[in-house]
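Breakdown of the fold
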Amino acid sequence: ADVVQYRDMLVIIRSIIQRMIARGLSLSQIESASPCLAYETEYGSDSGAWTTHDFIRAVYESLTAHGAHGAHPGGA
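Small disclaimer: the values here were computed from a predicted structure and weren't measured.

Attention now goes to the overall build of the chain. When helices and strands are tallied, the chain shows four helices and zero strands. For the chain, the succession of helices and strands along the chain, N to C, is α-α-α-α. Within the chain, residue pairs in contact and separated by at least 24 positions form 60% of the contacts whose partners lie at least 6 positions apart. Of the roughly 5,200 Å² that the chain leaves accessible, carbon and sulfur atoms contribute 55%.

Structural data, given as C-alpha cells:
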C-alpha cells in the first residue's frame, strides 16, 4: 500500500508540473508555486542528498528534455 501511495504521489506531482509547463511557467515559477506542497510533510526534505527542490528540478528537466513534449503521459 505504501508503494502504491508513493507512486500515486509521483504521478500527481508530475501531472501538476506538466500542466504548469504547458501554461508556459518557468522552473523558478513552478518552484514558487510549490507543486509538492500537499506531500511535503510526508515526503519532502529541505536538506540532504535529495531535496524537494531537487525533485521538482528533475521532474521539470525530464518533461522539458528534447522530445519530451510529445512523450506518453505515463513516461518520465
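From this point, the narrative continues.
A few words now on helix 1 (residues 2–22). Relative to the 30 Å expected for 21 residues at 1.5 Å per residue, helix 1 spans 30 Å between its end C-alpha atoms, a close match to the ideal helical length. Restricting attention to buried positions, one finds in helix 1 the residues Met9, Ile13, Arg14, Ile17, Met20 and Ile21. The buried residues of helix 1 occupy an angular sector of 125° when projected down its axis, which confines them to one face. Turned more than 90 degrees away from the buried face of helix 1, the exposed residues are Val4, Arg7 and Ala22. Each element contacted by the buried residues of helix 1 is listed here: helix 2 (27–32), helix 3 (40–43) and helix 4 (52–64). A positive backbone phi angle near 95° is found at Gly24, which sits one or two residues after helix 1.

So, about unusual backbone geometry. With a phi close to 55°, Ser34 is a non-glycine residue in the positive phi region. Relative to the helices and strands, Ser34 resides in the loop between helix 2 and helix 3. In this structure Ser34 comes out as partly exposed when scored by relative accessible area, which is 28%.

Looking now at the packing of aromatic side chains. Evaluation of the coordinates by the stated rule reveals one aromatic pair. A centroid spacing of 5.2 Å and a plane angle of 65° characterise the contact between Tyr6 and Tyr43, whose relative ring orientation is edge-to-face. Of this pair, Tyr6 sits in helix 1 while Tyr43 sits in helix 3; the two residues are 37 residues apart in sequence, bridging distant segments of the chain. The class for Tyr6 is partly exposed, based on a relative accessible area of 38%.

Turning to the nonpolar core, a few remarks are in order. In this structure, Ile13, Ile17, Ile21, Ile30 and Ile56 are the most contacted members of the largest nonpolar core, which totals 14 residues. Elements with a minimum of two residues in this core: helix 1, helix 2 and helix 4. In contact with Ile13, not counting residues within four places along its chain, are Pro35, Cys36, Tyr39 and Phe55.

Quick notes on the rules
- Residues numbered from 1 in each chain as written.
- Predicted model: local features only at pLDDT ≥ 70, side-chain atom pairs only at ≥ 80, totals over all residues.
- Heavy atoms only, no water.
- Helix = DSSP H or I, 4+ residues; strand = E, 2+ residues; numbered from the N terminus.
- Contact = heavy atoms within 4.5 Å.
- Areas by Shrake-Rupley, 256 points an atom, 1.4 Å probe, with all protein chains shown as cover.
- Expected span 1.5 Å × (residues − 1).
- Buried < 20%, exposed > 50% of the residue type's maximum accessible area, 1.4 Å probe, protein only.
- Arc of directions from axis to C-beta.
- Phe/Tyr/Trp six-rings, centres within 6.5 Å; stacked < 30°, edge-to-face > 60°.
- Core = buried A, V, L, I, M, F, W, Y, C linked by side-chain atoms within 4.5 Å.

In short, shape yes, function no, at least from these values alone.
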